[in-house]
Amino acid sequence: MQYQVVWSSRANPEKALKELITEVNRMIETGWKPLGGISYMQLGLMSHTYHQAMIYQIESNQ
């Protein structure tokens, strides 16, 4: 199994979320799966950050 955290950070929260959704959907198309929900963090007025944990399960034929 592989684990990765995808994130997007922008001054505009809607743009940051849209970028995260685009990247998560791209990864889903290649076999990755979201693990849990997204995380949101705001640092000051100009930094809105979203995170999504992703996993990739390697199939075993054993």
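As a reminder, the structure under discussion sits directly above these lines.
Procedures and definitions
- As a convention, each chain's residues are numbered from 1 in the sequence order in which they are written.
- Predicted model: local features are reported for residues with pLDDT of at least 70 only, side-chain atom pairs are reported and counted for 80 or more only, and whole-chain, interface and lining totals are derived from all residues.
- Neither water nor hydrogens contribute to the side-chain values; these are computed over all heavy atoms in the structure.
- For this analysis, a nonpolar core means a set of buried residues of the types Ala, Val, Leu, Ile, Met, Phe, Trp, Tyr and Cys, connected via side-chain atoms within 4.5 Å.
- Per-residue accessibility, obtained with a 1.4 Å probe over protein chains only, is compared with the maximum for each type, and a residue is labelled buried under 20%, exposed over 50%, and partly exposed between these values.
- Labels follow the DSSP assignment, with helices taken as runs of H or I lasting at least four residues and strands as runs of E lasting at least two, numbered in each case from the N terminus.
- Contact definition: two residues touch when any of their heavy atoms are within 4.5 Å.
- Any two strands are treated as partners once DSSP identifies two or more bridges connecting them.

Asks: Got a minute to help me understand the nonpolar core in this structure?
Replies: Across soluble globular proteins, nonpolar side chains show a tendency to be buried alongside one another. Judged by nonpolar contacts, Val6, Ala16, Leu20, Val24, Met27, Trp32, Tyr50 and Met54 together constitute the single largest core of 8 residues. Looking at this core, the elements with two or more residues in it are α1 (13-29) and β4 (48-56). In this structure Val24 touches Pro34, Gln52 and Met54, once residues within four positions along its chain are discounted.

Asks: Would you mind going over the pairing of β4 with me for this structure?
Replies: Every other side chain in a regular strand lies on the same face of the sheet, so the side chains alternate between the two faces. When you tally the buried positions in β4, you get 7 out of 9 residues, the bulk of the element. Of the pairings in the sheet, the one linking strand β2 (residues 33-34) to β4 comprises 2 bridges and is antiparallel in character. For Pro34, the partnering residue across the bridge sits in β4 and is Met54. Two elements, strand β3 (residues 39-42) and β4, share 4 bridges in a ladder whose sense is antiparallel. Bridging across to β4, Ser39 finds its partner in His51. In this structure, the hairpin formed by β3 and β4 is closed by a connection of 5 residues, where Gly44 is found at a positive phi of approximately 70°.

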